[in-house]
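# Fold and geometry: a report
Each chain is listed here by its residues.
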Amino acid sequence: MRESKQPFVMVLFGATGDLAKRKLFPALYALVRDGLIHEQFAVVGVGRSEMDTADFRQMVQEAIRENSRLSIQEGQQWQNFINSIDYVAIDVTKSDTYGKLKTVVDGREKLMDGSSNRLFYLSLAPELFGTVATNLRLGGLTQNQGWKRLIIEKPFGKDLESAQALNEVISQSFKEEEVYRIDHYLGKEMVQNIEILRFTNMLFEPVWNNRYIDNVQITASETLGVEDRASYYEHSGALRDMVQNHMLQMLMMVCMEPPSKFETEAIRDEKVKVLRSLRRYGEDEVSQYVVRGQYSAGQMKNQPVLGYRDEPNVAPDSDTETFVAAKLFVNNFRWSGVPFFIRTGKRMPKKTTEIVIQFKEVPTLNNFHHGGNIGPNLLVININPSEGMTLYLNAKKPGTDDEVVTIAMDFCNNCEIEGGSPEAYERLINDAIHGDSTFFTRWDEVSLAWKFVDPIRRAWDKNLVPLHEYQAGTWGPKAVNYLLSEDNTQWWYVNEKEAFTLPAQMQDGVFSRR
Ligand code: BG6
């Protein structure tokens, strides 16, 4: 990560909210502790509730203590950090309240040799994004001398139409290059590592295509249920919450072509091309390629847990999906014919985000094929919570003539780093400070992602596809298996205890055919 050479003020909307406490303040502190933020910097927290600055600073300190990967080091650096934080309570829907905010921001900037660079961060309810962007302009906050940037949390709209309307409103106050739409998966170390892995290893790039890859599986499973987020989740469901953004972003990173230059727009252009090639399903095809599910009561770690419909603030007849699996196709020269299986769900047995690349089998006439009794090579990229990758290969069992065993070559990305590797939000805030939007979502990406997702949503809204039940604590509805069995494959599971142990099918040490 880079050291910031310019003073700036960050105006954080939603400063008393959950994301600010769990992720944003800890990320800012980590950047300060690592010496990556200019010493002339300030955070102006904006919230609804009246609170004095001392209480707010106290709240920030507790949030960092509870959630940071790094412990607080008392001393001058900490004092400077905590003293750089202010708080302003305003009604963000009323433009005439922004004068109060401007006074505090101006006051901070006067102490910074007159520099005026502003980073606005909207960690708010999505319906406020447009209003706040407009009110920042009407309140005179966007007419500063230096740079201005707007970081927006997801979701960006709820379908193509609403996303277009939101974009239109925002573009009246900020230029596209000033808008940083966050997809925090793009800030994850191992998601960023995919392009390095692919484009700096001659071992992988020549085989990274439909001639050698049988299928790709992308899983993002969570153990948590809806928690206290029903008011948001009831309208989003897993499709809008995870697929439209995080899952498609991972797909793009796996599928993109090498960019002509290692530059922001060149990289984003290649990602967008993947979405342009992504096969879109008509409403009548959705049942064939996409499965939706909702968790019912079950057990997590031997404790009973509620079904989704019994969760607080969820409608008793809710048909919101908490699980989605789909078979996708990227119809271009490199990927034509390769199925990409994606699945994401809440209340599953394990929290994991991983990408499995399954390579094709050796030719069947080959003696080494062992009558089909050996498994395929797999490259497993662990994104979260373990970070690293494992390459599964075949080798002769020592001491035997030709018994084939699985060997796993492991790499752990974060084992040696004190406190773990930087959090996604550290990377992304650091990038935004430097005006680097490579790992933020460009408008055409957002709109193409909605174009893919919208017909699926419509088919579900029209009830053209069943909503399957799955018990909390399981890997989703059984109905999902047909997506894979048609292609003569199955989900590769990573062992519960360790990220780098063998997939279940290989645990005996000898590959067995499925
Ligand atoms: C968020 C979703 O974007 O990502 C949440 O809104 C989900 O529902 C979360 O739990 C998962 O993120 P991570 O980093 O924990 O995999």
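The rules behind these values
- Residues numbered from 1 in each chain as written.
- Predicted model: local features only at pLDDT ≥ 70, side-chain atom pairs only at ≥ 80, totals over all residues.
- Heavy atoms only, no water.
- Near = heavy atom within 4 Å.
- Polar contact = N/O pair within 3.5 Å; in protein donor to acceptor, adjacent residues only side chain to side chain.
- Areas by Shrake-Rupley, 256 points an atom, 1.4 Å probe, with all protein chains shown as cover.
- Helix = DSSP H or I, 4+ residues; strand = E, 2+ residues; numbered from the N terminus.
- Nonpolar A, V, L, I, M, F, W, Y, C, P; charged D, E, K, R; others polar.
- Axes fitted to C-alpha atoms, helices over the stretch in contact; angles between N-to-C directions.
- Parallel < 35°, antiparallel > 145°, perpendicular 65-115°, else oblique.
- Left-handed = near helix turned anticlockwise from the far one by under 90°.
- Contact = heavy atoms within 4.5 Å.
- Buried < 20%, exposed > 50% of the residue type's maximum accessible area, 1.4 Å probe, protein only.
- Pairing = 2+ DSSP bridges.
- Right-handed = clockwise from strand over helix to strand, strands pointing away.
- Phe/Tyr/Trp six-rings, centres within 6.5 Å; stacked < 30°, edge-to-face > 60°.
- Lys NZ or Arg CZ within 6 Å of the ring centre and 35° of its normal.
- UniProt positions renumbered as here; feature names shortened; annotations may be inferred.

### Looking at the site of the ligand
Inspection of the region around the ligand gives Lys-154, His-184, Tyr-185, Lys-188, Glu-222, Arg-229, Asp-241, Met-242, His-246, Lys-346, Lys-351 and Asn-384 as its neighbouring residues. Measuring from an oxygen atom of the ligand, one finds a side-chain N or O atom of Tyr-185 at 2.5 Å. In the model, an oxygen atom of the ligand is placed 3.3 Å from a nitrogen or oxygen of the Asn-384 side chain. Contact with the protein chains removes 80% of the 400 Å² of surface that the ligand exposes when unbound. Element by element, the count of residues in the shell around the ligand is highest for helix α8 (residues 230-255), at three residues. The residue makeup of the shell around the ligand, split by class, is two nonpolar, three polar and seven charged.

### A look at the packing of helix α1 (residues 18-33) against helix α3 (residues 76-83)
Between α1 and α3, the least distance of the axes is 11 Å, while the angle of their chain directions is 140 degrees. By the angle between their axes, α1 is oblique relative to α3. Considering only the axes of α1 and α3, their crossing is right-handed. Within the contact between the two elements, α1 uses Phe-25, Leu-28, Tyr-29, Val-32 and Arg-33 and α3 uses Gln-77, Trp-78 and Phe-81. A breakdown of the residues in the contact of α1 with α3 according to their chemical character gives six nonpolar, one polar and one charged.

### Thoughts on the environment of Val-104
The topology assignment puts Val-104 in helix α4 (residues 98-110). Separated by 256 residues in sequence, Val-104 and Lys-360 have C-alpha atoms that sit 61 Å apart. Excluding its chain neighbours within four sequence positions, the residues that come into contact with Val-104 are Val-44, Asp-86 and Val-88.

### Things to note about the side chain of Ser-68
As for its position among the elements, Ser-68 is in the loop between α2 (53-67) and α3. Among the residues examined, Ser-68 registers a relative accessible area of 15% and is labelled buried. For Ser-68, the side chain forms a polar contact with the main-chain oxygen of Leu-70, separated by 2.8 Å. Ser-68 has contacts with Pro-26, Tyr-29 and Ala-63, leaving out every residue within four places of it along the chain.

### Side note on the pairing of strand β2 (residues 41-47)
Side-chain direction in a regular strand flips from residue to residue, so the side chains alternate between the two faces of the sheet. Of all seven residues that make up β2, seven are buried, and the element is covered over most of its length. Across the two faces of β2 the burial is the same, with Phe-41, Val-43, Gly-45 and Gly-47 and Ala-42, Val-44 and Val-46 all buried. Bridge analysis of strand β1 (residues 8-13) against β2 gives six bridges, and the strand direction is parallel. Counted as the bridge partner of Phe-8 is Phe-41 from β2. For the handedness criterion, the β-α-β arrangement of β1, α1 and β2 is classed as right-handed. Bridging between β2 and strand β3 (residues 85-89) involves five bridges; their strand directions are parallel. By the bridge assignment for β3, Val-44 is matched with Asp-86.

### Some points on the environment of Pro-455
For Pro-455, the position within the fold is in helix α12 (residues 443-461). A relative accessible area of 11% means that Pro-455 is categorised as buried. Along the primary structure Pro-455 and Gly-282 are separated by 173 residues, whereas in three dimensions their C-alpha atoms are 6.2 Å apart. Excluding its chain neighbours within four sequence positions, the residues that come into contact with Pro-455 are Tyr-281, Glu-283, Val-286 and Trp-450.

### Points about the packing of aromatic side chains
Tallied over the entire structure, the rule returns 21 aromatic pairs. Ring geometry for Tyr-180 versus Phe-440: centroids 5.0 Å apart, planes at 80 degrees, classification edge-to-face. On the criterion of sequence distance, the pair formed by Tyr-180 in strand β6 (residues 179-181) and Phe-440 in the loop between α11 (424-433) and α12 is long-range, its members being 260 residues apart. When its relative accessible area of 0% is taken as the criterion, Phe-440 is described as buried. Taken together, the ring pairs in this structure connect Tyr-233, Tyr-295, Tyr-308, Phe-323 and Tyr-470 into an aromatic cluster. In this structure, Arg-343 packs its charged tip against the face of Trp-491, placed 4.0 Å from the ring centre.

### Observations regarding the UniProt feature "active site" (unreviewed entry) in the protein chain
In the numbering used here, UniProt assigns the "active site" (unreviewed entry) feature to His-246. Here His-246 shows up in helix α8. With relative accessibility at 2%, the residue His-246 sits in the buried group. Residue contacts for His-246: discarding those within four places in its chain leaves Lys-154, Asp-183, His-184, Tyr-185 and Asp-241.

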